[in-house]
Amino acid sequence: MGRVAARALAEHGITTLEQAASLTEAALLAMHGVGPKAVRILRVALEARRMRLRG
């Protein structure tokens with residue numbers, strides 16, 4: 001994931017995959033700096049840990 005997306009998540013208090021899993025794709029995409037590519041990367045990382053985005 002790029003620095004801009006990682007920074008955007010951190011600014012919203014999202015610093016772990018568990019925290020990211022509590023969000024929906026729409027909520028992630030609504031964050032300035034988080035785009036479809038970042039969401040895809042998060043999905044892959046979550047799936048590797050048998051987790052997924054909410055909703």
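Relevant structure appears above.
Our subject in this report is the structure included herewith. Numbering of residues starts from 1 in every chain and runs along the sequence as written. Since the coordinates come from a predicted model, pLDDT governs what is reported: local features require at least 70, and pairs of side-chain atoms require 80 or more to be given and counted, while whole-chain, interface and lining totals use all residues. The side-chain quantities take in all heavy atoms of the structure and omit both hydrogens and water.

### Some points on helix H4 (residues 36-48)
- Each helix corresponds to a stretch of at least 4 residues labelled H or I by DSSP, and each strand to a stretch of at least 2 residues labelled E; elements are numbered beginning at the N terminus. What a helix is expected to span follows from its residue count: subtract one and scale by 1.5 Å. The end-to-end C-alpha distance of H4, which contains 13 residues, comes to 19 Å, matching closely the 18 Å that a straight helix rising 1.5 Å per residue would cover.
- For H4, the complete set of buried residues consists of Ala-38, Val-39, Leu-42 and Leu-46. Looking straight down H4, one finds its buried side chains confined to an arc of 95°; they lie on one side. Away from its buried face by more than 90 degrees, H4 exposes Pro-36, Lys-37, Arg-40, Val-44, Glu-47 and Ala-48. Categorising residues by exposure relies on relative accessible area from a 1.4 Å probe, with only protein chains included: less than 20% of the type maximum marks a residue as buried, more than 50% marks it as exposed, and the intermediate range marks it as partly exposed. This arc is taken over the directions from the axis of the helix to the C-beta atoms.

### Some details on the environment of Ala-20
- For Ala-20, the location among the structural elements is in helix H2 (residues 17-21).
- Taking the C-alpha atoms as reference, Ala-20 lies 10.0 Å from Met-51; in sequence the two are 31 residues apart.

### A look at the nonpolar core
- The term nonpolar core refers to a set of buried residues drawn from Ala, Val, Leu, Ile, Met, Phe, Trp, Tyr and Cys, joined through side-chain atoms within 4.5 Å. By size, the foremost hydrophobic cluster in this structure holds 16 residues, and its most contacted members are Leu-9, Ile-14, Leu-28, Met-31, Val-34 and Leu-42.
- Taken together, the elements giving at least two residues each to this core come down to helix H1 (3-11), H2 and H4.
- The dominant element in this core, judged by the number of residues it contributes, is H4, at four residues.
- Residues are treated as being in contact if the distance between any of their heavy atoms lies within 4.5 Å. For Leu-28, the residues in contact, after removing those within four places along its chain, are Leu-9, Leu-23, Val-34, Val-39, Leu-42 and Leu-53.

### A few points about H1
- Turning to H1, its buried residues are Ala-5, Ala-8 and Leu-9. Mapping the buried residues of H1 onto a view down its axis gives an arc of 95°, with all of them on the same face. In H1, the exposed positions angled more than 90 degrees off the buried face are occupied by Arg-3 and Glu-11.
- Residues of H1 that are buried sit in contact with helix H3 (25-29) and H4.
- Looking one or two residues beyond H1, the residue adopting positive phi is Gly-13, at roughly 80°.

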